[in-house]
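# Descriptive analysis of the structure
Listed below, chain by chain, are the residues.
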Amino acid sequence: MARLNLSRLITAAADTIAAHAEELTALDQAIGDGDHGLNMKRGFEAVRSEAEAFSAKPLPEALKAIGTKLVMTVGGASGPLFGTLFMALGKEISSAPDRANLTAAFGKAIEAVAARGKSQVGQKTMLDVLQPVHDALLQGKTPSEIADIADAAAEATVPMKALRGRASFLGDRSIGHMDAGARSTALLVRTVAKTIGESA
């Protein structure tokens, strides 16, 4: 794997979330609280403001610190879930991960998110993007292919019925809308894949 430029990754992720904040809010207004875009933007801007400090840490410590910051600043249901993803990734990843270590750490992080959200694949959540991305990593897909898989996985939440979160209160009315958390996850996957791909 190419050497990770964490500061560049953080900037790219924050830029992506900011650029799509209104879209994420609109998705969330359809079947959720309507605050996902603003919450995610606030969290990633907070991470951006400390990008240099995070980048100075070893990768495991940096990811744990980013996760903690997201829990503290995103709020809503997404803060603990995205925070858990980064914290668990930091707990499992090595300072200079190869693909095998990244894939194993990502798998453990997905398990942590599932446990935190008491959810599983097929319930119209961010897990419906995370799991296909993990499968793609296992299969040796390229960064570009992984980004496309993430986008398709988010799109695949449209016909699903929500079984977790506020959207689950809508029952069948949640069908026909993309899950906002799945979309933001796909956006972040594409950003990371593109940034890593460019530095490879």
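Quick look at the structure, then. (Residues numbered from 1 in each chain as written. Predicted model: local features only at pLDDT ≥ 70, side-chain atom pairs only at ≥ 80, totals over all residues. Heavy atoms only, no water.)

## Topic: the overall build of the chain
Across its full length, the chain carries 10 helices and 0 strands. Ordered by position in the sequence, the α and β elements of the chain form the string α-α-α-α-α-α-α-α-α-α. On C-alpha atoms alone, the chain measures out to a radius of gyration of 16 Å, which is about the 16 Å that the 2.2 N^0.38 rule sets for 200 residues. Reported as C-alpha extents along the three principal axes, the dimensions of the chain are approximately 45 × 35 × 30 Å. Out of the 200 residues in the chain, the part that is buried amounts to 48%. For the chain, the accessible surface area stands at approximately 9,300 Å², while carbon and sulfur atoms represent 55% of it. (Helix = DSSP H or I, 4+ residues; strand = E, 2+ residues; numbered from the N terminus. Rg over C-alpha atoms; globule rule 2.2 N^0.38 Å. Buried < 20%, exposed > 50% of the residue type's maximum accessible area, 1.4 Å probe, protein only. Areas by Shrake-Rupley, 256 points an atom, 1.4 Å probe, with all protein chains shown as cover.)

## Notes on the nonpolar core
In this structure, Phe44, Ile66, Leu70, Phe106, Val129 and Leu130 are the most contacted members of the largest nonpolar core, which totals 50 residues. At 7 residues, helix 7 (residues 99–117) tops the list of elements feeding residues into this core. Leaving out residues up to four positions away in the same chain, Leu70 has contacts with Gly43, Phe44, Val47, Gly75, Gly79, Phe82, Gly83 and Phe86. (Core = buried A, V, L, I, M, F, W, Y, C linked by side-chain atoms within 4.5 Å. Contact = heavy atoms within 4.5 Å.)

## Looking at the packing of helix 5 (residues 59–74) against helix 6 (residues 78–92)
Helix packing geometry: the angle between the two helix axes and the distance between the axes. Across the interface, helix 5 lies against helix 6 with an axial gap of 7 Å and an inter-helix angle of 170°. With respect to helix 6, the element helix 5 is oriented roughly antiparallel. Residues Pro60, Leu63, Lys64, Ile66, Gly67, Thr68, Leu70, Val71 and Val74 of helix 5 form the contact with helix 6, whose participating residues are Ser78, Gly79, Pro80, Phe82, Gly83, Phe86, Met87, Leu89, Gly90 and Lys91. Broken down by class, the residue content of the contact of helix 5 with helix 6 amounts to 11 nonpolar, 6 polar and 2 charged. (Axes fitted to C-alpha atoms, helices over the stretch in contact; angles between N-to-C directions. Parallel < 35°, antiparallel > 145°, perpendicular 65-115°, else oblique. Nonpolar A, V, L, I, M, F, W, Y, C, P; charged D, E, K, R; others polar.)

## Side note on the environment of Ala26
The residue Ala26 is located in helix 2 (residues 21–31) in this model. In this structure Ala26 comes out as partly exposed when scored by relative accessible area, which is 42%.

## Quick word on the environment of Ile31
Within the secondary structure, Ile31 sits in helix 2. Taking the C-alpha atoms as reference points, Ile31 and Met178, 147 residues apart in sequence, are found 8.8 Å from one another.

## Overview of helix 7
The end-to-end C-alpha distance of helix 7 is 27 Å, a good match for the 27 Å that 19 residues give at a rise of 1.5 Å each. Residues of helix 7 that are buried: Leu102, Thr103, Ala105, Phe106, Gly107, Ala109, Ile110, Val113 and Ala114. Of the surrounding elements, those touching the buried residues of helix 7 are helix 6 and helix 8 (127–138). Looking one or two places after helix 7, you find Lys118, whose phi comes out positive at around 50°. (Expected span 1.5 Å × (residues − 1).)

## Here's the deal with unusual backbone geometry
When glycine is set aside, most residues are seen to have a negative phi, and most peptide bonds are trans. Non-glycine residue Lys118 carries a positive phi angle of around 50°. By secondary structure assignment, the location of Lys118 is in the loop between helix 7 and helix 8. With a relative accessible area of 61%, Lys118 lands in the exposed category. One non-glycine residue with positive phi stands out, namely Lys124, at about 65°. Among the structural elements, Lys124 can be located in the loop between helix 7 and helix 8. Classification of Lys124 by relative accessible area gives buried; the value is 1%.

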